[in-house]
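Chain residues, written in single-letter form:
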Amino acid sequence: MNAAAHSGSVAPPAPGRGAAPLLELEGLTRRFGGLTAVDRCSFAIEAGRITGMIGPNGAGKTTIFSMVAGALRPSAGRILFDGEDIGGVPTHRLFHRGIVRTFQIPHEFGRLTVLENLMAVPAAQPGERLWPVWLSPRAVARREREVRERAEDALRFLTLWELRDELAMHLSGGQKKLLELGRAMMTSPRLVLLDEPGAGVNPTLLARLREMILELNRERGYTFVVIEHDMDFIASLCERVIVLSQGAVLTEGPMERVRRDPRVLDAYLGGDEENEGATGTGTPAGGDASRAGTAAGRAAGEGHGGALGAGATDPGESPP
Ligand SMILES: Nc1ncnc2c1ncn2[C@@H]1O[C@H](COP(=O)(O)OP(=O)(O)OP(=O)(O)O)[C@@H](O)[C@H]1O
Ligand SMILES: [Mg+2]
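Remarks on the overall build of the chain
Alright, step 1. For the chain, the helix and strand inventory stands at twelve helices and ten strands.
Alright, step 2. The 320 residues of the chain split such that 46% are buried.
Alright, step 3. Considering only intrachain contacts with a sequence separation of at least 6, the fraction spanning at least 24 residues in the chain is 73%.

Take a look at the structure:
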């Protein structure tokens, strides 16, 4: 994918955007023993936008998602969603409030079919109370019908309809990424956190994925934060990008400016050694030097996109 080709097609306004921030981080910090993975991060995400989050391996991107989605407790700082502090609130409660995430490594149920994978997602809408549904058999039947319709709608949208009865374990890496997006669509999410949706996805599917994200933003009003190492993908999708390095916000702004910022290039080019020293383990920062280098080339505008880093490590995850 070519950034220049898409520079005029970055997401136009989605309904309801530009209001107060939907998400605000204030001095957010997470330590793992002696390692500070996220270090006093502060930034805001506006409703209705698609915001990018980039930075070298080990910069703390996934750890931020894990805290916002309730899988990890912050060591310090605040996470405000709609103005309310949600730090430490568990994932299932945040899920019902409209915060969903997809994983760097897909978390599908391999032995369920594609359709069953979506129907297994807890189906309550944000703010909905479930107990009145459980008390009535008719309500249960209606609920099941609604869940099925919603799942079928998502599968058609994602062009996975033909694969609905296939076991999820038989999907390609790219199709599993689409299924992750489908799980997010099973609620009517307000904030969708996409962790490397393009990793391991072929260029054709990546272009489709991009269109789907744009449509979900424009037509259904989802607010997205997207972590991705493919700079062209980010440039074509996001008006604003937040750059992390060693757990801290290095800079933020439009991609055209960010990708020319010498500090950003330094962070990518120097990231391996620095992170290796910081973690003392060499992973994931040192474990995937080629990716960081490639990303730096793309950040400098030298890359041609399309080819994506594969084999993402996923150290910061806690299963949902
Ligand atoms: N559960 C954990 N226990 C210990 N250290 C962790 C844990 N999760 C993450 N880390 C460390 O925190 C730092 C940030 O990791 P994180 O996964 O957030 O980086 P990232 O920016 O998502 O990297 P990548 O681009 O490789 O996915 C790394 O040094 C990582 O090794
Ligand atoms: Mg990560």
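Once the structure has been displayed, the description carries forward.
Concerning the sheet that holds strand 3 (residues 50-54)
Alright, step 1. Read across the sheet, six strands follow the order 6-7-8-3-9-10 without closing on themselves; strand pairing throughout is mixed. Edge positions in the sheet fall to strand 6 (99-102) and strand 10 (248-253), since each of these pairs with one other strand and no more. Here the average twist between neighbouring strands, direction ignored, is 20°.
Alright, step 2. As paired strands, strand 9 (residues 240-245) and strand 10 are joined by five bridges and run antiparallel to one another. When the bridges of strand 10 are listed, Ile242 appears paired with Glu252.

Quick word on helix 6 (residues 137-157)
Alright, step 1. For helix 6, built from 21 residues, the straight-helix expectation of 30 Å at 1.5 Å per residue is met to within 8% by its first-to-last C-alpha distance of 30 Å.
Alright, step 2. Within the sequence span of helix 6, burial applies to Arg150, Ala151, Ala154 and Leu155. All buried residues of helix 6 fall inside an arc of 135° around its axis, so they share one side. Residues of helix 6 that are exposed and point more than 90 degrees away from the buried face comprise Arg138, Ala141, Arg142, Arg145, Glu146, Glu149 and Arg156.
Alright, step 3. The secondary structure elements touched by the buried residues of helix 6 are helix 4 (114-119) and helix 7 (173-185).

Side note on the sheet that holds strand 5 (residues 84-85)
Alright, step 1. Pairing is antiparallel across the open sheet formed by four strands, whose spatial order is 2-1-4-5. In the strand order of this sheet, the two ends are held by strand 2 (35-46) and strand 5, each with one partner.
Alright, step 2. Pairing geometry for strand 1 (residues 21-32) and strand 2, over eight bridges, is antiparallel. Each bridged residue has a counterpart across the sheet, and for Leu28 the counterpart in strand 2 is Cys41.
Alright, step 3. Against the sheet, helix 2 (residues 61-68) engages strand 1, strand 2 and strand 4 (76-81), with an angle of about 115° to strand 1.

Quick look at the environment of Leu205
Alright, step 1. Its location among the elements puts Leu205 in helix 8 (residues 203-220).
Alright, step 2. Separated by 30 residues in the primary sequence, Leu205 and Gln175 have C-alpha atoms spaced 8.4 Å apart.

Overview of the confidence of the model for the chain
Alright, step 1. Mean pLDDT over the chain works out to 80, with 74% of the residues at or above the 70 mark.
Alright, step 2. When pLDDT is averaged over each helix and strand of the chain, the minimum, 38, is found for helix 1 (residues 3-6) and the maximum, 98, for strand 4.
Alright, step 3. Note that residues 1-13 has pLDDT below 50 and, in this model, 27 contacts with residues that lie over four places away or in other chains.
Alright, step 4. Across residues 271-320 the pLDDT falls below 50, and counting only partners more than four positions away or on other chains, this stretch makes 102 contacts in the model.

Quick word on the environment of Asp230
Alright, step 1. Examined against the element boundaries, Asp230 turns out to sit in the loop between strand 8 (223-227) and helix 9 (231-237).
Alright, step 2. Put simply, Asp230 and Gly198 are 32 residues apart on the chain and 7.5 Å apart in space, counted from C-alpha to C-alpha.

Here's the deal with the nonpolar core
Alright, step 1. Val68, Val226 and Ile234 are the most contacted members of the largest nonpolar core, which has 73 residues in total.
Alright, step 2. Beyond its immediate stretch of four places on either side in the chain, Ile234 contacts Gly52, Ile54, Val226, Glu228, Val241 and Met255.

Overview of unusual backbone geometry
Alright, step 1. A positive phi angle is found at Arg40, which is not glycine, with a value near 50°.
Alright, step 2. Within the secondary structure, Arg40 sits in strand 2.

A look at helix 7
Alright, step 1. When the terminal C-alpha atoms of helix 7 are compared, their 19 Å separation across 13 residues agrees well with the 18 Å that a helix rising 1.5 Å per residue should span.
Alright, step 2. In terms of burial, helix 7 is largely enclosed, as twelve of its 13 residues are buried.
Alright, step 3. Residues of helix 7 that are buried: Gly174, Gln175, Lys176, Lys177, Leu178, Leu179, Glu180, Leu181, Gly182, Arg183, Ala184 and Met185.
Alright, step 4. On its buried side, helix 7 packs onto strand 6, helix 4, helix 6, strand 7 (191-195) and helix 8.

A few points about the environment of Met186
Alright, step 1. Relative to the helices and strands, Met186 resides in the loop between helix 7 and strand 7.
Alright, step 2. Taking C-alpha positions, Met186 is 9.9 Å from Val100, a pair spaced 86 residues apart along the chain.

Describing the pairing of strand 7
Alright, step 1. Here strand 7 lies mainly inside the structure; five of its five residues are buried.
Alright, step 2. Alternating residues of strand 7 divide into Leu191, Leu193 and Asp195 and Val192 and Leu194, and every residue in both groups is buried.
Alright, step 3. As judged from the four bridges shared by strand 6 and strand 7, these two strands associate in the parallel manner. Its bridge partner lying in strand 7, Ile99 is registered against Leu191.

Here is what the cut-offs are and how they apply
- Residues numbered from 1 in each chain as written.
- Chains lettered and ligands numbered in written order.
- Predicted model: local features only at pLDDT ≥ 70, side-chain atom pairs only at ≥ 80, totals over all residues.
- Helix = DSSP H or I, 4+ residues; strand = E, 2+ residues; numbered from the N terminus.
- Buried ≥ 20, exposed ≤ 12 C-beta atoms within 10 Å, placed from the backbone.
- Contact = placed C-beta atoms within 7 Å.
- Pairing = 2+ DSSP bridges.
- Axes fitted to C-alpha atoms, helices over the stretch in contact; angles between N-to-C directions.
- Expected span 1.5 Å × (residues − 1).
- Arc of directions from axis to C-beta.
- pLDDT = per-residue confidence, 0-100.
- Core = buried A, V, L, I, M, F, W, Y, C linked by C-beta atoms within 7 Å.

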